Protein chains: 2
Amino acid sequence: MERLEIPMMNDFHIHLRDGEMMEMVVPCVRQGGVQTCTVMPNLVPPITTTEMAVEYRDKLERLDDKTLFLMTLYLNEKLTRGEIEKASRHGVVGVKMYPQGVTTNSSAGVVSDQILDTFDEVFSAMQDYGLILMLHGEVGSCFATNTCIMNAEEKFLPTFKSLAKKYPRLKIVLEHVTTKAAVDAVKEVRSGGNLNVGATITAHHLLLTVDDIVYVHKYCKPVAKYPLDVMALRDAALNNPAFFLGSDSAPHPVDKKLEGGCAGIFTSKYLAQYLAYTFSDIMNVPTSDLQRVMTEFTHSRGLSIYGEQVEKNYQLQFGLQSIPEPSKLVLIKGDCQVSSFVKTVGESIKVVPFMANQNLGWTIESS
Amino acid sequence: MERLEIPMMNDFHIHLRDGEMMEMVVPCVRQGGVQTCTVMPNLVPPITTTEMAVEYRDKLERLDDKTLFLMTLYLNEKLTRGEIEKASRHGVVGVKMYPQGVTTNSSAGVVSDQILDTFDEVFSAMQDYGLILMLHGEVGSCFATNTCIMNAEEKFLPTFKSLAKKYPRLKIVLEHVTTKAAVDAVKEVRSGGNLNVGATITAHHLLLTVDDIVYVHKYCKPVAKYPLDVMALRDAALNNPAFFLGSDSAPHPVDKKLEGGCAGIFTSKYLAQYLAYTFSDIMNVPTSDLQRVMTEFTHSRGLSIYGEQVEKNYQLQFGLQSIPEPSKLVLIKGDCQVSSFVKTVGESIKVVPFMANQNLGWTIESS
């Protein structure tokens, strides 16, 4: 029997929503094998202050007191050095930059070519306090400049490089990369000596291409790109210490998805299984390497950027002096049929998980 | 009052289906301002013989005896010189090549890189009898070769060029072009002196980009591409005699569309209005030029390739010695709200038309 024992995973990019949807999806995080997660701030209204972030964290902890929730702020023009300092004191790990209008609840986002000028005070303060800047690396579509969902990420990369150059001590994570161009940009910055930059890769972007985006339940932003891009993501996930797991798990009610144009794929509930399936059955990583590969991608690599923040949060939230030994996650070869829906008891909310009704061939024995 | 008087249109690429769907959509052809149309053969089973084509035409004529239906065969390995000769005698205008599996009902299609070798007898005969070869110019997606819906058309272009080179007397229409690369390929072949090649452009590809394909009712194959490609299509539609209207209007029941992955956009019912809206309101063609532009794109240009076949069909079907003076189509500025659905009386079939519920601003006064 094939058996895979790894530390419980760190998912450094997740959407947990609020209200009833939050109550439904929070338990899915541990079910999918995750112990620590970075919580995105794009609620309505967005989480723009430390106070809001702490209040949101309290709600999450009431739903699951074992998982470490790392909170973030939504980049906005009201942020000050003082607020960054306060955020740091309260364990907020970073600030998320959304370009205006490119994804779910990003209407309060920023215009990407103004980032550098507008947020100098914020970025300088973040650099000083060790907060992480998380970038949704896309520019908005524009007919006149030939910008669309297929080149939106590539067109953002000069901004990413400029940020890394201007703030070399700032920890920057380029989130959910989807292109070889983005992978290359991260490698380029690091090869220049700046090891404070990294990137997350989702589980679904290791599997999908642009051909899939016409199926509403496989549509997310940034959209999946060419096969060549997927190959670059797989290679980075396998081999490059700068790339680590951020699932971007983003639940939407099924009726909203079916209306069309609603970006986001829900992966939390089966996250470890998707990844075992992908590395083992799709990428053909030999069994002897699988444990190392999964551990690196889903656990250890991200800590090179997040380590300090994770440690601080274990102190703040659990009163521990250092990061504790992670719990074990055991995956075995076996039937794991993804359910058709994840739903609330009264079915007031129904979400279609990624690869609904398919058998992933890996199941969680214990965690 | 803005008023536009043009000849009724020629739509050299349309899907009329069969059964109840056919009965519903055939009347829409004239409603949308079309007098002559090229009927695609991708039924289940496909129209592969002259006999089937003639039988299909009889059905269409029973539903509308004023419209000229130009029939086509589905390219397949059973076609012979004898069948092509027979097809020609019965007014079949051409043969449609579908690559295997790339669009609706194309499972019986051909593998594109085998076209030249496999169909020499057929293409030689078509050349001799003046039949038109219509190309769905895409290759199938393939992960290993980095082929996906975004480059499937561009990767077919070498085959198109080879065909035009090997059969210089063969009339070839590259159907529903979506890329600057395809526009350039058609121009290139023609600039080499081969004026037997042309291309159709749909109404919807003058409006959509890849950003739209995640909405099921805006998904068709080939998919809409970059803004730059749309600009190349608009320029070709305006200025180049090789490019003419082929709507590729392709109705699907709404429930099938909502399942996802069902390619096709239904434009027949409002075809003239979409085009007037696009040329006038989106491309800002001055009122003084609109009549000439619409007439060229929707009527006269296509006859440079189709003229002989149209004339023959007027003889065969209507007993006329030459192409009659076309009926007039009058469009005026005014409210034209696209309906939410086009449906059968009992609502057993419901189709969502392109731009449902939007106001096109142009309406048909008479035709």
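The structure under discussion appears in the preceding block.
Please read all numbers here as calculations on a predicted model, not as lab measurements. (Residues numbered from 1 in each chain as written. Chains lettered and ligands numbered in written order. Predicted model: local features only at pLDDT ≥ 70, side-chain atom pairs only at ≥ 80, totals over all residues. Heavy atoms only, no water.)

Concerning the relation of the copies chain B and chain A
Logical step 1: Superposition of chain B onto chain A requires a rotation of 180 degrees combined with a translation of 0.0 Å along the rotation axis, giving an RMSD of 0.0 Å. Interpreted geometrically, this transformation is the action of a two-fold axis. Taking the C-alpha atom as reference, chain B places Val214 of chain B closest to the rotation axis, 2.4 Å from it. (Least-squares fit on C-alpha atoms with pLDDT ≥ 70 in both.)

Considerations on helix α1 (residues 19–31) of chain A
Residue and element names in this part refer to chain A.
Logical step 1: Listed as buried for α1 are Met21, Met22, Met24, Val25, Val26, Cys28 and Val29.
Logical step 2: Buried-residue contacts for α1 involve β2 (9–14), β3 (34–39), α2 (50–63), β4 (68–74), β11 (342–343) and β12 (350–351).
Logical step 3: One or two steps after α1, the chain reaches Gly33, where phi turns positive at roughly 95 degrees. (Buried < 20%, exposed > 50% of the residue type's maximum accessible area, 1.4 Å probe, protein only. Helix = DSSP H or I, 4+ residues; strand = E, 2+ residues; numbered from the N terminus. Contact = heavy atoms within 4.5 Å.)

Considerations on a nonpolar patch on the surface
Logical step 1: A surface patch of nonpolar side chains, about 230 Å² in accessible area, is lined by Phe143 of chain A together with Leu228 and Met231 of chain B.
Logical step 2: Mapped onto the fold, Leu228 of chain B is located in helix α8 (residues 227–239).
Logical step 3: Exposure remark for Leu228 of chain B: the relative accessible area of 44% places this residue in the partly exposed category. (Patch = residues over 30% accessible without salt bridge, like charges linked within 9 Å, V, L, I, M, F, W, Y side chains within 5 Å. Areas by Shrake-Rupley, 256 points an atom, 1.4 Å probe, with all protein chains shown as cover. Salt bridge = Lys/Arg side-chain N within 4 Å of Asp/Glu carboxyl O.)

Structural notes on the pattern of salt bridges
Logical step 1: What the rule picks out here adds up to 35 salt bridges over all chains.
Logical step 2: Linking Arg301 of chain B and Glu296 of chain B is a salt bridge whose minimum nitrogen-to-oxygen distance equals 3.5 Å.
Logical step 3: Residue class for Glu296 of chain B comes out partly exposed when judged on its relative accessible area of 25%.
Logical step 4: Of the charged contacts in the structure, one is a salt bridge between Glu347 of chain B and Lys350 of chain B, with a shortest N-O distance of 4.0 Å.
Logical step 5: The partly exposed category is assigned to Lys350 of chain B, whose relative accessible area is 24%.
Logical step 6: Here the salt bridges do not stand alone but share partners, grouping Asp289, Arg292, Glu296 and Arg301 of chain A into one network.

Notes on the packing of aromatic side chains
Logical step 1: Considering all chains together, one arrives at 20 aromatic pairs over all chains under this definition.
Logical step 2: Centre to centre, the rings of Tyr74 of chain B and Tyr98 of chain B are 5.0 Å apart; their planes meet at 25 degrees, and the pair counts as stacked. Remark: Tyr98 of chain B occurs in the loop between β5 (94–97) and α4 (115–118) and Tyr74 of chain B occurs in strand β4 (residues 68–74); sequence separation between them is 24 residues. Side by side, Tyr74 of chain B and Tyr98 of chain B carry an identical accessibility label, which is buried.
Logical step 3: An aromatic cluster of at least three residues, connected via ring pairs, comprises Phe12, Phe244 and Tyr306 of chain A.
Logical step 4: The positively charged end of Lys350 of chain A is found above the aromatic ring belonging to Phe341 of chain A, 4.1 Å away from the centroid. (Phe/Tyr/Trp six-rings, centres within 6.5 Å; stacked < 30°, edge-to-face > 60°. Lys NZ or Arg CZ within 6 Å of the ring centre and 35° of its normal.)

Digging into the nonpolar core
Logical step 1: One finds Leu16 and Phe123 of chain A together with Leu16 and Phe123 of chain B to be the most contacted residues of the largest nonpolar core, which totals 220 residues.
Logical step 2: Phe123 of chain A has contacts with Leu75, Ile115, Leu133, Leu163, Tyr167 and Leu170 of chain A, leaving out every residue within four places of it along the chain. (Core = buried A, V, L, I, M, F, W, Y, C linked by side-chain atoms within 4.5 Å.)

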